[in-house]
2 protein chains.
Amino acid sequence: MYRTHTCGELRLENKDTKVTLSGWVQRSRDLGGMTFVDLRDRYGITQLVFDLQKEEALCMSARKLGREFVIQIIGNVIERSNKNNQIPTGEIEVEVEKLVILNGSKTPPFTIEDESDGGDDLRMRYRYLDLRRNPVKNNLMLRHQLSMETRNYLSQNGFLEVETPCLIKSTPEGARDFVVPSRMNPGQFYALPQSPQTFKQLLMVSGFDKYFQIVKCFRDEDLRADRQPEFTQIDCEMAFVEQEDILNTFEGMVRHLFQKIKGHKMDVIPRMTYDEAMEKYGSDKPDIRFEMTFNDLTGLTQNKGFKIFDEAEAVLAIVAKGQAEYTRKQLDHLTDYVRREQIGAKGMVYVKYNADGSLKSSVDKFYTENDLLDWANHCGAEKGDLILLLSGVKTKTQKQLSELRLYLGEQLSLRNPAVYKPLWVVDFPLLEWDEETERFHAMHHPFTSPKKEDFEKMESDPGAVRANAYDLVINGVEIGGGSIRIHDRKIQERMFDLLGFTKEEAENQFGFLLSAFEYGAPPHGGIALGFDRLSSMFGGKDSIRDFIAFPKNNAGRDVMIDAPAFIAKEQLDELYLNVLPFVKK
Amino acid sequence: MYRTHTCGELRLENKDTKVTLSGWVQRSRDLGGMTFVDLRDRYGITQLVFDLQKEEALCMSARKLGREFVIQIIGNVIERSNKNNQIPTGEIEVEVEKLVILNGSKTPPFTIEDESDGGDDLRMRYRYLDLRRNPVKNNLMLRHQLSMETRNYLSQNGFLEVETPCLIKSTPEGARDFVVPSRMNPGQFYALPQSPQTFKQLLMVSGFDKYFQIVKCFRDEDLRADRQPEFTQIDCEMAFVEQEDILNTFEGMVRHLFQKIKGHKMDVIPRMTYDEAMEKYGSDKPDIRFEMTFNDLTGLTQNKGFKIFDEAEAVLAIVAKGQAEYTRKQLDHLTDYVRREQIGAKGMVYVKYNADGSLKSSVDKFYTENDLLDWANHCGAEKGDLILLLSGVKTKTQKQLSELRLYLGEQLSLRNPAVYKPLWVVDFPLLEWDEETERFHAMHHPFTSPKKEDFEKMESDPGAVRANAYDLVINGVEIGGGSIRIHDRKIQERMFDLLGFTKEEAENQFGFLLSAFEYGAPPHGGIALGFDRLSSMFGGKDSIRDFIAFPKNNAGRDVMIDAPAFIAKEQLDELYLNVLPFVKK
């Protein structure tokens, strides 16, 4: 037996017990005639003590232990004279009688501490060492806990976890698929699923009525920061339900998770239509931890000779409470921020509603103090507040002002990561018009059902059709989304048609689903939550990477195992494949 | 709301309740002035009744309902005059007031009954209809229950579920990998994991100490019956353990599963060495639900002039208790059985130890009745028993006799699928010699640790080295296997060397693991259980296919979605790939 106890469990009650421990040497100190070794395992740290006078040979071997050596010891639990109340085992130490070196270690390339000196690249190359650090280890433990509680909640609510296949068929719609050549079917390929969408719908047709799966999905996208080619989602579907049933069920799940993981009783999750979210926050995933909602000043600001506003489709404003004393430098900084290429505003107008009741703006040339007071009143601004205005094409201005709002919220510490404010955004449009390709794209996906009351507009005004689609947003981050699905072959065909599929393409790619709809498909709908993102959200972190045991970098590489890699010619031959010449990127 | 109750929950207590139900029309019968419809959902069947006299229009619409129509009804729960005690809802029926057809259905291509009239191909093509049948549905519900209980047990025992990557690196050792071309890294490929082996070992190096994952794995093998290109395993690893710790932990898991799923308290799982299993059963996965162990008659049978036995390396016998009265025809049938190409025996010798004490054999020409009595005594045969002998090269004879034993066990109803007899087979050889390639292969895999006491033989006699490897066998089926792993770089290098890897190949494929062993790798080991197989075992079935929601056929095809399939030239171009001409199979 390698151990009787872990390094995290011994307490004063264990005094005078003979114990066997195994673990890693975290650090070691020689103080006079004593050597102290901090022994670490997954559960904690226990201090070992070696006495040079009592056990000279043993102490001398202890002095040779390097960082990260794996050792086993036998010894007696004794009370510390110098207690450490920073750690749970801090009242005791183990006086070692026997020491076995289980494995040595080279000096690690970075320190195995909460704050490591290792850069990202080095940490990823030696990920197995990085995973020894508490913050990363705790993230993965949290993830485990989240997956267990998710499964418990869903299972207790009658959901069945059903595994759907990983080797499926490529559908060119949407993001790019990863494909897998089939040796047994030369020239043909499987695709890895971007989601189990069609399979979970088929399970509804099969009568499984409450399905879930915590499942790997794959997307061959050009990776932006914090995107992974393989990611995990909590995938769910229900039959004989309306939108309301689904929102309630998954609101219940979110509450359950906050209760179990955070010990936090959550309020009812508010709901907001897509239109309202866009009008008030300029975003379909508003961070509602703070107000600072949009005000439309278009009417009040035009026809006073300020050309930029006069030519704008929209003039929108937000109010930063109590920030009238912003300096010129701070305001310039905000202007620079919105002018960055990623945001793209031309400029920013400010109005200071000073504490003394006077008003001062960057467009005083065009507007009287009374004009400014009208603006302030319209925005609900008070003395001491700062008003910021952006203008231009409405949708662009909304996006820009949303960025400014979030940035200001950050600056003013209004976005506390310990505060969680979930929100349902509902009534998304069914379609969005793509200027480039001059056709409609599905806002959610091609299987989303239009609202019944908008059915007729499918013909007359497709762009105005609203969908039974909803997103779960927490603190301004989209955690999940779903919809009521189409379960009628005719409507599904019309949808494919609107999306530019020919009849043949629709049949070729989704014939099995269309066919299934003819054999008694029930009304159904579902949701999928990003599990990596949910984990990082519960961990209070922005990046998902340290919530994944072995993530890939932005080039889609696993630098630890060095994948992807070239494969043997024999492997290619068996697949009847040939790699064409390419220019190395 | 689509329903207030499911079709499985109404009882006599619900009498006079107004309910809303939704589901599928299982069947409908017109009896005089009444129409009865069986409404089905995942939870059961409820009888609906329509009265022609009371509600003529309603009843007429009910008469138009076809099989598998999806309907919603509102009605009153009433007591049946004609109770059906075959189903839980059999004491009531629902008198319908309102009927809504939610979706129609074409006539299904096969009957949705426990015993369907659909052939395999048709059932696979319309898998979404096949999944409506109780036997298949129940299999998937059992699978869900098994996965939940597996997770509960492991989590309660301190195991963490950690997801390992799906896009990894191809290693030509072992079975063939499925590969995935990387668009962002032209000419390079990921591979899908055959198992998370190296990653779980790295997690041990990271200190995670108890890991599990229920995980999809992939093998591009020529598919034998009942093999799937993607399959699921319960993958586990532990650090600071010896073989004994692992066997105890997973024996605990098996007991937990039998207790929770079958309500069956299981005995201690016996253990048998590989050598003993081969000697007594001629198989490393013996079915110990029945005895009929092997007897070595080589010494007793040779040098009496029977050339076949004289030239054989081994003459082995089994005893079929009480079967001395087997007819000539039955014996010929057994001889034919062992002569089949898949088994390959040349012939079979029998001895009948008749009830009257006389002995009769197929080789009476060469042996006296006393000789035969010696054999019988050696085998522990009694009057009334039948002795069957096979001979030849020892290993081949063992395999052949094992097949004969299993076949006889089947014929004599000694293999009751309701009886579960698990067994640990331990002390597997580390290596097996491959005659064809004239080199050693790893019996388990290249990371398996030799037994300490056999370390020296790694140099002097590699073929005799035993491994710390073990299999879990239930009823003659290998459910799982594992080993203590190597955690020392030098031993791992020696192992690669024995397996014919060059230093460069070892470094190129497994450099990250060898490197990890230099940074404080703890002793560790693990196990993996086939989850599809485990499910079918618990379901009392031989085939795994109906325990997988969407399985592939023997050509690796999903005939429902028609995958794999050809992909667009643009997709190939982006991957810098070209499909070579091939002869269509």
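The rules we used
- Residues numbered from 1 in each chain as written.
- Chains lettered and ligands numbered in written order.
- Predicted model: local features only at pLDDT ≥ 70, side-chain atom pairs only at ≥ 80, totals over all residues.
- Heavy atoms only, no water.
- Helix = DSSP H or I, 4+ residues; strand = E, 2+ residues; numbered from the N terminus.
- Buried < 20%, exposed > 50% of the residue type's maximum accessible area, 1.4 Å probe, protein only.
- Areas by Shrake-Rupley, 256 points an atom, 1.4 Å probe, with all protein chains shown as cover.
- Lys, Arg positive; Asp, Glu negative; His and termini not counted.
- Charge placed at Lys NZ, Arg CZ, Asp CG, Glu CD.
- Contact = heavy atoms within 4.5 Å.
- Buried area = accessible area lost by both parts, 1.4 Å probe.
- Salt bridge = Lys/Arg side-chain N within 4 Å of Asp/Glu carboxyl O.
- Pairing = 2+ DSSP bridges.
- Axes fitted to C-alpha atoms, helices over the stretch in contact; angles between N-to-C directions.
- Least-squares fit on C-alpha atoms with pLDDT ≥ 70 in both.
- Parallel < 35°, antiparallel > 145°, perpendicular 65-115°, else oblique.
- Left-handed = near helix turned anticlockwise from the far one by under 90°.
- Expected span 1.5 Å × (residues − 1).
- Phe/Tyr/Trp six-rings, centres within 6.5 Å; stacked < 30°, edge-to-face > 60°.
- Lys NZ or Arg CZ within 6 Å of the ring centre and 35° of its normal.
- pLDDT = per-residue confidence, 0-100.
- Polar contact = N/O pair within 3.5 Å; in protein donor to acceptor, adjacent residues only side chain to side chain.
- Disulfide = S-S within 2.5 Å.

### Some words on the overall build of chain A
In terms of helices and strands, chain A carries 17 helices and 23 strands. Seen through its principal axes, chain A has C-alpha atoms that stretch 90 × 75 × 55 Å. The 585 residues of chain A split such that 58% are buried. As displayed, chain A offers around 24,900 Å² of accessible surface, 47% of which is attributable to carbon and sulfur atoms. Seen as two clouds, the 77 positive and the 91 negative side-chain charges of chain A have centres 4 Å apart.

### Considerations on the interface of chain A and chain B
Accessible area lost when the parts come together is the quantity often used to give the size of an interface. On the chain B side, the residues contacting the 125 residues of chain A number 125 residues. Approximately 11,600 Å² of surface area, both sides summed, lies buried where chain A meets chain B, with 60% of it carried by carbon and sulfur atoms. Its largest share of buried area at the contact with chain B, chain A owes to A:Y128, A:F240 and A:Y519, together 7% of the area lost on that side. The partner of A:R176 in a salt bridge is B:E574, and the shortest N-O contact between them spans 2.6 Å.

### Considerations on the environment of B:M292
Note on placement: B:M292 falls in the loop between helix 7 (274-281) and strand 12 (295-296). Look at B:M292 and you get buried, because its relative accessible area is 9%.

### Quick notes on the side chain of A:Q188
Mapped onto the elements of the fold, A:Q188 is located in the loop between strand 7 (179-181) and strand 8 (189-191). For A:Q188, a relative accessible area of 12% corresponds to the buried category. Once residues lying within four places of it in the same chain are set aside, the contact partners of A:Q188 are A:V180, A:P181, A:S182, B:R557, B:P564, B:A565 and B:F566.

### Brief notes about the sheet that holds strand 3 (residues 44-51) of chain B
All names here are of chain B. Pairing in this closed barrel of five strands is mixed, and the strands run 1-2-3-5-4 around the ring. Strand-to-strand, the axes of this sheet are offset by a mean angle of 55 degrees, without reference to chain direction. Judged from the ten bridges that link them, strand 4 (residues 70-79) and strand 5 (residues 92-103) form a sheet pairing that is antiparallel. Bridge pairing in strand 5 links V77 to V94.

### So, the relation of the copies chain A and chain B
Overlaying chain A with chain B gives an RMSD of 0.1 Å, the required rotation being 180 degrees about an axis along which the chain moves by 0.0 Å. Such values leave the two copies arranged in the relation of a two-fold axis. Of the residues that chain A buries at the interface, 100% are likewise interface residues in chain B, meaning the two copies contact each other through the same surface.

### Quick look at unusual backbone geometry
In this model, A:A563 is joined to A:P564 through a cis peptide bond whose omega is 0 degrees. Looking at the element boundaries, A:P564 is found in the loop between helix 16 (531-538) and helix 17 (569-574). Even without being a glycine, B:N475 presents a positive backbone phi close to 50 degrees. Mapped onto the elements, B:N475 comes out in the loop between strand 20 (469-474) and strand 21 (477-484). You can call B:N475 buried: its relative accessible area is 5%.

### Things to note about the packing of helix 14 (residues 489-498) of chain B against helix 15 (residues 503-516) of chain B
Residues and elements named next belong to chain B. At their nearest, the axes of helix 14 and helix 15 sit 11 Å apart, and the two run at 160 degrees to each other. By the criterion of interaxial angle, the relationship of helix 14 to helix 15 is roughly antiparallel. Read as a crossing pair, helix 14 and helix 15 show a hand that is right-handed. On the side of helix 14, the interface is formed by R489, Q492, E493 and F496, while helix 15 contributes A506, E507, F510, L514 and S515.

### Notes on helix 12 (residues 394-411) of chain A
Residue and element names in this part refer to chain A. Helix length check: helix 12, at 18 residues, gives a terminal C-alpha distance of 25 Å against a target of 26 Å (1.5 Å per residue), a fit within 8%. The set of residues buried in helix 12 consists of T397, Q398, Q400, L401, S402, L404, R405, Y407, L408 and G409. Check the buried side of helix 12 and you find it contacts helix 7 (274-281), strand 13 (314-320), helix 10 (328-339) and strand 16 (385-392). S413 sits one or two residues past helix 12 and shows a positive phi near 55 degrees.

### Thoughts on the packing of aromatic side chains
Residue and element names in this part refer to chain A. Evaluation of the coordinates by the stated rule reveals 50 aromatic pairs over all chains. Taken together, F306, F309, F366, Y367 and W375 form an aromatic cluster joined through their ring pairs. The ring of F290 carries R405 above its face, with NZ or CZ at 3.9 Å from the centroid.

### Let's talk about the environment of B:E9
All names here are of chain B. Within the secondary structure, E9 is located in the segment before strand 1 (18-31). Since its relative accessible area comes to 38%, E9 is described here as partly exposed. For the pair E9 and N475, spaced 466 residues apart in sequence, the C-alpha separation works out to 37 Å. Excluding residues within four positions of it along the chain, E9 makes contact with N14 and T89.

### Concerning the pattern of salt bridges
Tallied over the full model, the rule gives 112 salt bridges over all chains. For the salt bridge of A:E507 with A:R489, the shortest nitrogen-to-oxygen distance reads 3.3 Å. Placement of the pair is A:E507 in helix 15 (residues 503-516) and A:R489 in helix 14 (residues 489-498), with a sequence separation of 18 residues. Between B:E279 and B:K394 there is a salt bridge, with its nearest N and O atoms 2.9 Å apart. Of the two residues, B:E279 sits in helix 7 while B:K394 sits in helix 12 (residues 394-411), which places them 115 residues apart along the sequence. Classification of B:K394 as partly exposed rests on a relative accessible area of 25%. Because the salt bridges share partners, they merge into one network encompassing A:D120, A:R123, A:R127, A:D130, A:R133 and A:D546.

### Side note on helix 16 (residues 531-538) of chain B
Three or four residues apart is the spacing at which side chains of an α-helix point the same way, because the helix has 3.6 residues per turn. With seven of its eight residues buried, helix 16 of chain B lies for the most part within the structure. Among the residues trailing helix 16 of chain B, B:G540 stands out with phi positive, at a value near 70 degrees.

### Digging into the environment of A:Y326
Relative to the assigned elements, A:Y326 resides in the loop between strand 13 and helix 10. For A:Y326 and A:E13, which are 313 residues apart along the polypeptide, the C-alpha to C-alpha distance reads 59 Å.

### As for the sheet that holds strand 15 (residues 359-361) of chain A
All names here are of chain A. In space, the five strands of this open sheet follow the order 12-13-16-14-15, with antiparallel pairing throughout. Looking at which strands have only one partner, the edges of the open sheet turn out to be strand 12 (295-296) and strand 15. Across the sheet, helix 10 lies against strand 14 (349-353) and strand 16, angled at about 30 degrees from strand 16, the strand it touches most. Where helix 11 (residues 369-379) meets the sheet, it contacts strand 12, strand 13, strand 14, strand 15 and strand 16, and its direction lies at approximately 95 degrees from that of strand 15.

### Points about the pairing of strand 5 (residues 92-103) of chain A
Two elements, strand 3 (residues 44-51) of chain A and strand 5 of chain A, share two bridges in a ladder whose sense is parallel. Bridged to A:V49 within strand 5 of chain A is A:E95.

### A word on the confidence of the model for chain A
Put simply, chain A has an average pLDDT of 95, and 99% of its residues get 70 or more. ipTM for the predicted complex: 0.95, alongside a pTM of 0.95.

### Brief notes about the side chain of B:T232
Locating B:T232 in the fold gives a position in strand 10 (residues 230-239). There is a polar contact of 2.6 Å between the side chain of B:T232 and the side chain of A:E163. A distance of 3.3 Å separates polar atoms of two side chains, one belonging to B:T232 and the other to B:R143. Not counting residues up to four positions away in its chain, the partners in contact with B:T232 are A:E163, B:R143, B:I214, B:V215, B:K216, B:L529, B:G530, B:F531 and B:D532.

### Some words on the pairing of strand 16 (residues 386-392) of chain B
All names here are of chain B. Here strand 16 lies mainly inside the structure; five of its seven residues are buried. By the bridge criterion, seven bridges tie strand 13 (residues 314-320) to strand 16 in an arrangement that is antiparallel. Bridge pairing in strand 16 links A317 to L389. With four bridges joining them, strand 14 (residues 349-353) and strand 16 adopt antiparallel strand pairing. Bridge pairing in strand 16 links V349 to L389.

### Quick word on the state of the cysteines
This model, assessed by the stated rule, comprises zero disulfides over all chains. Between A:C7, a free cysteine, and A:C59, which holds the nearest cysteine sulfur, the sulfur-to-sulfur gap is 19 Å. As a non-bridged cysteine, B:C217 has B:C166 as the owner of its nearest cysteine sulfur, 8.3 Å distant. The exposure class of B:C217 is buried, given its relative accessible area of 1%.

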